[in-house]
Amino acid sequence: MAEQTESSYITTGYRSPLGPYQLRVEESACGAHLILDHIFGDKKSYLDPTCTIWDSETAHKAQDMVLQSCWQGEGNPFTEIPAFLRIAGVDSKALALFTAESYLLRNIQMDAAKPETIEFRIRILLEGAYTPEQAEAMLTGKEIARLLSLTLYKGGQQANFYPSMTFIWMAQLCQALANAPRADELAENPWLLKDFLSPVSEAAAEIYVRRGRETGQEPRRSLSLDAHARPFLIAMFPNVFEPIGVSSSKKKINDYLLQKLQLTDEGDIDKNLLEARCYIETSQDQDNPGLQEIQDFLGTDTHHQRGDFVFGEDRVVLFDGLMPLWGTPRSSTSNPVSSASVETLPAQGLTMLHRLNQNQVVQKIHAPRGGKEGKNWVADTLAVLENRKQIIFYGPPGTGKTFIAQALVDSYEPEDPAEELPGSHFEIVQFHPSYTYEDFFEGYRPSTTSPEDKDSSQQSLSFTLKPGPLKRLADRACQEPTRPFFLVIDEINRGNIAKIFGELYFLLEYRDRAITLQYSDAAFSLPENLFIIGTMNTVDRSIATVDSAIRRRFAFVELSPRKEPTRGALARSGNSVGAQLQEELNSRLSNRGADLSVGPSYFFGLTTQESLQQVWHYDILPLLVDYFYGVKTPDQVESEYALNTFLTSGSGEEAELEEGDGANDAQGDTGE
């Protein structure tokens, strides 16, 4: 390879005037090239120059290690790879450095997680082959914390997913470089490198998906083929490729600029954006109104030079984010809707849900009877359910999501209880990764013939179209249109929602329309008296977030330890010790985010000090260890959040759980 000077990758492309943003670009690229120059040069490690890690042989071994380890056990590469490395033998240091530096390179410029989290994960990978002291010395000596502070742009949706794919992609890159006839030219020609990386990304994605299928863990998101190539290109040539982390955003910016500046489409979005930046900063064309608009804007702030702007989705912003140039214009005057006009809207009363006993629900879940402006939380929630037909209770563990959903359903009081079959007005299902449309709605199931003689040798196997819980409930709702029916879906985001609902997505929004079913080929519509209540855990890292289509079709009701009805449930139940412990624990967790909190259900039913000790040791601490995964070690969590750190040394309520505290709440365990 031709010798790569410090500035050669900076001067390639178009170099903006040196303002704060351009200086940040160049500093960030300089940090990335501490690793990149070894990849294209001597193949040595940046963290430990005594080891060769970017050669084809090491890359091949690293890929085999990832494929063997990362689909085992928990499937977490930051757990499984170090465990594998500890028994890997002589290759362990090279493999540890390969994965650690691959992960470091990906995160120097891209903001995908907190720097301390990334550094912790790098340390964990290194400690698979080095002592903790050696790993710490490398991280400190190579100023990893400083490198991780040089981020330029937000990562896309896949930035926080599939870290194993990062390692496979880097392994494919190194093997491809070893076989490339013009490898030295790739580090000097951005467009040649871009074309070179396309088959690398395709091969890595194919390997990743194939391994997922072999182990029954196929990715739940479509893999973006440029999700790894794009950060690599930005790092290699920061003045050629714009630091935009999301492909869809890049396309929107491209389309806008082509129209705004009247530029010729080069057939390559990256080339278009490069031309647009150069044109904006250097052109003196007085006849282009779009150009004049942008240049005038950039010239209005005397504290910034023209190079201090960033392309963002539907806008150009100055480096510090002060001023958007375009996008949806906002009026300089406020035109609030008058309260009088709102009061003219008719009030909504309960019609279909009026036979749900609200007082029973309030008492069962320990909800406040009158909150802000005298409103009742249960009444408000039922009004939302009546109007939207579908709601999802969401929140961290232990906030009563499933318990409250069941309490609402159980509170139904039929007009004639004697004619009511228990449980006939609802179905409860739980979504999970193997749950399908056929399980949920209808599908063919095996059955045997000759039912009159079950032992007969004449029996044969056949397949019969059988209804699932939604179909059964919808049929009953159609037969009795004046009474409500309920479908409770527990852990709705644990399943592949789009696959499970299928064409029923449409009916969630359009109850007055019918669609043709894929199996029975019959017209079907969701009855107006069928209500769906889902629950969603917002903390579990293994659960995918729901897509926008589902969010539009469901109303979302938050259950948080910081909000009613969950916030004061323990105190209203008479469990004062549990209430104080929960409040103090969540206070300590408050700086970690709203989802990282503990609900009241862990503390219901505590009657003795022994039961408190058991709950704390076997429920609370394991939950906190999971919360702080990648940030604190289990020993650190157990020491910092030990039960005795929450108890006073006096004889007050916090020091001793007296007999009977919470004993009246055996029936009030809110579950999750």
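Note that the structure is a prediction, hence the values are computed from the model and not measured. (Residues numbered from 1 in each chain as written. Predicted model: local features only at pLDDT ≥ 70, side-chain atom pairs only at ≥ 80, totals over all residues. Heavy atoms only, no water.)

Participant: I would appreciate a short explanation of the overall build of the chain in the present structure.
Facilitator: Scanning the chain from N- to C-terminus turns up 28 helices and 13 strands. A burial count over the chain gives 50% of its 672 residues as buried. (Helix = DSSP H or I, 4+ residues; strand = E, 2+ residues; numbered from the N terminus. Buried < 20%, exposed > 50% of the residue type's maximum accessible area, 1.4 Å probe, protein only.)

Participant: Looking at this model, I keep getting lost on the environment of T402. Mind explaining?
Facilitator: With respect to the helices and strands, T402 occurs in helix α19 (residues 401-410). Separated by 133 residues in the primary sequence, T402 and T535 place their C-alpha atoms 6.3 Å from one another.

Participant: Please clarify how the pattern of salt bridges should be interpreted in this entry.
Facilitator: Close approach of charged atoms allows side chains with opposite charge to pair. Considering all chains together, one arrives at 27 salt bridges under this definition. R483 is the salt-bridge partner of E480, the closest N and O atoms lying 3.4 Å from each other. In the salt-bridge network here, residues are joined through shared partners; they are E27, E143 and R146. (Salt bridge = Lys/Arg side-chain N within 4 Å of Asp/Glu carboxyl O.)

Participant: I tried to follow the nonpolar core on my own but got confused; where do I start?
Facilitator: In a soluble, globular protein the nonpolar side chains are often hidden away together inside. Formed by 81 residues in total, the largest nonpolar core has its most connected members in I39, L193 and F232. Among the elements that line this core, the one with the most residues is helix α5 (residues 92-108), at 10 residues. Contacts of I39, omitting those with residues within four sequence positions, involve W54, L105, M170, L177 and F232. I392, V429, I500 and A549 belong to the second-largest nonpolar core, a separate cluster that totals 32 residues. (Core = buried A, V, L, I, M, F, W, Y, C linked by side-chain atoms within 4.5 Å. Contact = heavy atoms within 4.5 Å.)

Participant: What is the right way to look at the packing of aromatic side chains in this model?
Facilitator: Any two aromatic rings considered together are summarised by their centre-to-centre distance and by the angle between their planes. Counted according to the given criterion, the structure contains 22 aromatic pairs. Their ring planes at 35° and their centres at 6.2 Å tell us that F501 and Y505 sit as a pair that is tilted. A single burial state applies to F501 and to Y505, both of which are buried. What links up through ring pairs into an aromatic cluster is the set F431, Y435, F440, F501 and Y505. Lying over the aromatic face of Y46, K142 brings its terminal NZ or CZ to 4.9 Å of the ring centre. The ring of F646 carries the charged tip of R588 above its face, separated from the ring centre by 3.8 Å. (Phe/Tyr/Trp six-rings, centres within 6.5 Å; stacked < 30°, edge-to-face > 60°. Lys NZ or Arg CZ within 6 Å of the ring centre and 35° of its normal.)

Participant: Please clarify how the side chain of T402 should be interpreted in this entry.
Facilitator: When its relative accessible area of 17% is taken as the criterion, T402 is described as buried. Engagement of the side chain of T402 in a polar contact is seen with the side chain of D490, the distance being 2.6 Å. (Polar contact = N/O pair within 3.5 Å; in protein donor to acceptor, adjacent residues only side chain to side chain.)

Participant: So what exactly am I meant to see when it comes to the packing of helix α4 (residues 77-85) against α5 here?
Facilitator: The contact between α4 and α5 brings their axes to 9 Å, and the two run at 160°. Taken together, the axes of α4 and α5 are roughly antiparallel relative to one another. Here α4 contributes F78, I81 and L85 to the contact with α5, which in turn contributes S92, L95, A96, T99 and Y103. Taken together, the residues that form the contact of α4 with α5 break down as six nonpolar, two polar and no charged. (Axes fitted to C-alpha atoms, helices over the stretch in contact; angles between N-to-C directions. Parallel < 35°, antiparallel > 145°, perpendicular 65-115°, else oblique. Nonpolar A, V, L, I, M, F, W, Y, C, P; charged D, E, K, R; others polar.)

Participant: Explain the packing of helix α3 (residues 56-69) against α4 to me, please; I cannot follow it from the model alone.
Facilitator: A pair of packed helices is captured by two measures, namely the crossing angle of their axes and the spacing between those axes. Between α3 and α4, the least distance of the axes is 9 Å, while the angle of their chain directions is 120°. Considering only the axes of α3 and α4, their crossing is right-handed. Residue-level contacts link M65, V66, Q68 and S69 of α3 to E80, I81, F84 and L85 of α4. A class-by-class count of the residues in the contact of α3 with α4 yields five nonpolar, two polar and one charged. (Left-handed = near helix turned anticlockwise from the far one by under 90°.)

Participant: How should unusual backbone geometry be read in this particular structure?
Facilitator: Note on backbone geometry: most residues besides glycine have negative phi, and most peptide bonds are trans. Looking along the chain, the bond that leaves E564 and enters P565 is cis, with omega of 10°. Examined against the element boundaries, P565 turns out to sit in the loop between β13 (555-558) and α25 (569-573). Backbone geometry at E143 places phi at a positive 55°, although glycine is not the residue there. Take E143: it is sitting in the loop between α7 (132-141) and α8 (144-147). Residue classification places E143 among the partly exposed residues on the basis of a relative accessible area of 45%. In this model, Q262 sits at a positive phi of 60°, which is unusual for a non-glycine residue. With respect to the helices and strands, Q262 occurs in the loop between α13 (247-261) and α14 (269-282).

Participant: Looking at this structure, I do not really get helix α6 (residues 115-126). What am I missing?
Facilitator: Quick reminder: α-helices carry 3.6 residues per turn. Residues three or four places apart thus point the same way. An ideal rise of 1.5 Å per residue puts 16 Å on 12 residues; α6 measures up with 17 Å between its terminal C-alpha atoms. Inspection of α6 places T117, I118, E119, F120, I122, R123, L125 and L126 among the buried residues, and these make up the whole buried set. Here the buried face of α6 lies against α4, α5, α7, α8 and α9 (163-179). (Expected span 1.5 Å × (residues − 1).)

Participant: Would you mind going over the side chain of T399 with me for this structure?
Facilitator: The topology assignment puts T399 in the loop between β5 (390-395) and α19. A polar atom in the side chain of T399 sits 3.4 Å from the side chain of K401.

Participant: Looking at this model, I keep getting lost on the environment of F463. Mind explaining?
Facilitator: Here F463 shows up in strand β8 (residues 461-467). On the basis of relative accessible area, F463 is assigned to the exposed category, the value being 56%. Note: C-alpha distance between F463 and T448 (15 residues apart in sequence) is 8.3 Å.

Participant: How should a nonpolar patch on the surface be read in this particular structure?
Facilitator: On the surface, a nonpolar cluster with roughly 360 Å² of combined accessible area is contributed by Y444, L461 and F463. Of note, L461 is situated in strand β8. Classification of L461 by relative accessible area gives exposed; the value is 59%. (Patch = residues over 30% accessible without salt bridge, like charges linked within 9 Å, V, L, I, M, F, W, Y side chains within 5 Å. Areas by Shrake-Rupley, 256 points an atom, 1.4 Å probe, with all protein chains shown as cover.)

Participant: What exactly am I supposed to notice about the sheet that holds β5 here?
Facilitator: Note on sheets: strands pair through backbone hydrogen bonds, and any given pair is parallel or antiparallel. One open sheet accounts for five strands, arranged β6-β9-β12-β5-β13; its pairing is parallel. With one partner strand each, in any of the chains shown, β6 (426-430) and β13 form the two edges of the open sheet. The sheet shows a mean angle of 20° between the axes of neighbouring strands, taken without regard to direction. Pairing of strand β9 (residues 485-490) with strand β12 (residues 530-537) involves five bridges; the strand directions are parallel. Paired with F485 across the bridge in β12 is L530. Against the sheet, α19 contacts β5, β6, β9 and β12, and its axis sits at roughly 165° relative to β12. Together, β6, β9 and β12 form the strand contacts of helix α21 (residues 469-479), whose direction differs from that of β6 by roughly 165°. (Pairing = 2+ DSSP bridges.)

Participant: How do you make sense of the confidence of the model for the chain when you look at a structure like this?
Facilitator: On average, residues of the chain carry a pLDDT of 79, and 78% of them reach 70 or more. At the level of individual helices and strands, the chain shows its lowest average pLDDT in strand β4 (residues 315-318), which scores 46, and its highest in β9, which scores 94. Per-residue pLDDT stays below 50 along residues 1-6; that stretch engages in 10 contacts with residues further than four places along the chain or on separate chains. (pLDDT = per-residue confidence, 0-100.)

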